[in-house]
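Remarks on the overall topology
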Amino acid sequence: AAGAEPLLLRGNVASERVAAEAAELGPFDVLVHNAATGVIKPALETEDKHWDWTLNANARALLTLTRACAPQMPDGSSIVGVSSLGSIRVLENYTLVGVSKAALEALVRYLAVELAPRIRVNAVSAGVVETGALEHFPNREEMISSGLARTPVGRLVQPADVADAVCFLCSPAAAMVC
């Protein structure tokens, strides 16, 4: 309705093949990395393949996509990585995802400096978001209670709240947010 044409890319976004296919569809004014996957287990119950999968999808994919797409992105473009509360706070069973989102946030800081002033790079971390992903947590009820107790708004974050923050960061109104 606003005149934009969004493109949803599904696949292993950490693969160079998918990143190259994405770049061929550009140039893009906006690149949003919203991958969120991983193994929800205590650290000592994870395997190296779980680490590789989680870090590749949640952190390395942003770098892979940025290397493929940023060279042709116009001045004033925006890249946003969607992070997680587990990047800065220890959450039960969330070791791999939390570490991968911390890596994502570190990468965002580096890319923000390297790509500025041509491309803005930011991250959004929304806390406990009310989605089906919560079903994968054995301590779901505790997470919801904690999320509700920690927010002055009195409700959990909704997916639309995250989308609104991303839209703001991609808009000209956020030209100085980096």
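Not measured: the values here are computed from a predicted model.

Quick look at the environment of tyrosine 94
When you line up the elements, tyrosine 94 lands in the loop between β2 (77-82) and α3 (95-115). Overall, tyrosine 94 belongs to the buried group, its relative accessible area being 11%. Counting along the chain gives 55 residues from tyrosine 94 to valine 39, while the straight-line C-alpha distance between them is 7.7 Å.

Details of the pattern of salt bridges
With the rule as written, the count across this model stands at three salt bridges. Its salt-bridge partner being arginine 155, residue aspartate 161 comes within 2.7 Å of it at the nearest N-O pair. On the accessibility criterion, aspartate 161 (28% relative accessible area) is partly exposed.

Here we look at the sheet that holds strand β1 (residues 30-33)
One open sheet holds the three strands; their spatial order is β1-β2-β3, and the pairing between them is parallel. Of all strands in the sheet, those with a lone pairing partner are β1 and β3 (119-124), marking the two edges. Within the sheet, the average angular offset between the axes of one strand and its neighbour, ignoring direction, is 15 degrees. Sheet analysis places β2 next to β3, joined by six bridges and oriented parallel. Among the inter-strand pairings, valine 82 is bridged to a residue of β3, identified as valine 124. α3 contacts β1, β2 and β3 of the sheet and is inclined by roughly 160 degrees relative to β3. On the sheet, helix α5 (residues 159-170) packs against β1, β2 and β3 and is oriented at approximately 160 degrees with respect to β3.

Section: helix α2 (residues 48-69)
Taking 1.5 Å per residue as the helical rise, α2 with its 22 residues ought to reach 32 Å, and the 29 Å between its terminal C-alpha atoms agrees with that figure. At arginine 60, α2 is deflected by roughly 50 degrees, the largest bend along its length. Tucked inside the fold, the buried residues of α2 contact α1 (16-24), β1, β2 and α3.

Side note on the packing of α2 against α3
For the pair α2 and α3, the least separation of the axes is 9 Å and the interaxial angle reads 15 degrees. The orientation of α2 with respect to α3, classified from their angle, is roughly parallel. The hand of the α2/α3 crossing is right-handed. When α2 is examined against α3, the residues His50, Trp51, Thr54, Leu55, Asn58, Ala59, Leu62, Leu63 and Thr66 are found in contact with a partner set consisting of Leu96, Val97, Val99, Ser100, Lys101, Ala103, Leu104, Leu107, Val108, Leu111 and Leu115. In terms of residue class, the contact of α2 with α3 is made up of 14 nonpolar, five polar and one charged.

Points about the side chain of histidine 50
Within the secondary structure, histidine 50 is located in helix α2. Take histidine 50: its relative accessible area is 13%, and that puts it in the buried class. Sequence-distant contacts of histidine 50, that is, excluding residues within four places in its chain, are made with Val39, Lys41, Glu45 and Leu96.

Calculation notes
Residues numbered from 1 in each chain as written. Predicted model: local features only at pLDDT ≥ 70, side-chain atom pairs only at ≥ 80, totals over all residues. Heavy atoms only, no water. Helix = DSSP H or I, 4+ residues; strand = E, 2+ residues; numbered from the N terminus. Buried < 20%, exposed > 50% of the residue type's maximum accessible area, 1.4 Å probe, protein only. Salt bridge = Lys/Arg side-chain N within 4 Å of Asp/Glu carboxyl O. Pairing = 2+ DSSP bridges. Axes fitted to C-alpha atoms, helices over the stretch in contact; angles between N-to-C directions. Contact = heavy atoms within 4.5 Å. Expected span 1.5 Å × (residues − 1). Bend = angle between axes of the 7 residues up to and from the residue. Parallel < 35°, antiparallel > 145°, perpendicular 65-115°, else oblique. Left-handed = near helix turned anticlockwise from the far one by under 90°. Nonpolar A, V, L, I, M, F, W, Y, C, P; charged D, E, K, R; others polar.

Spatial relationships are all this shows, so hold off on functional conclusions.
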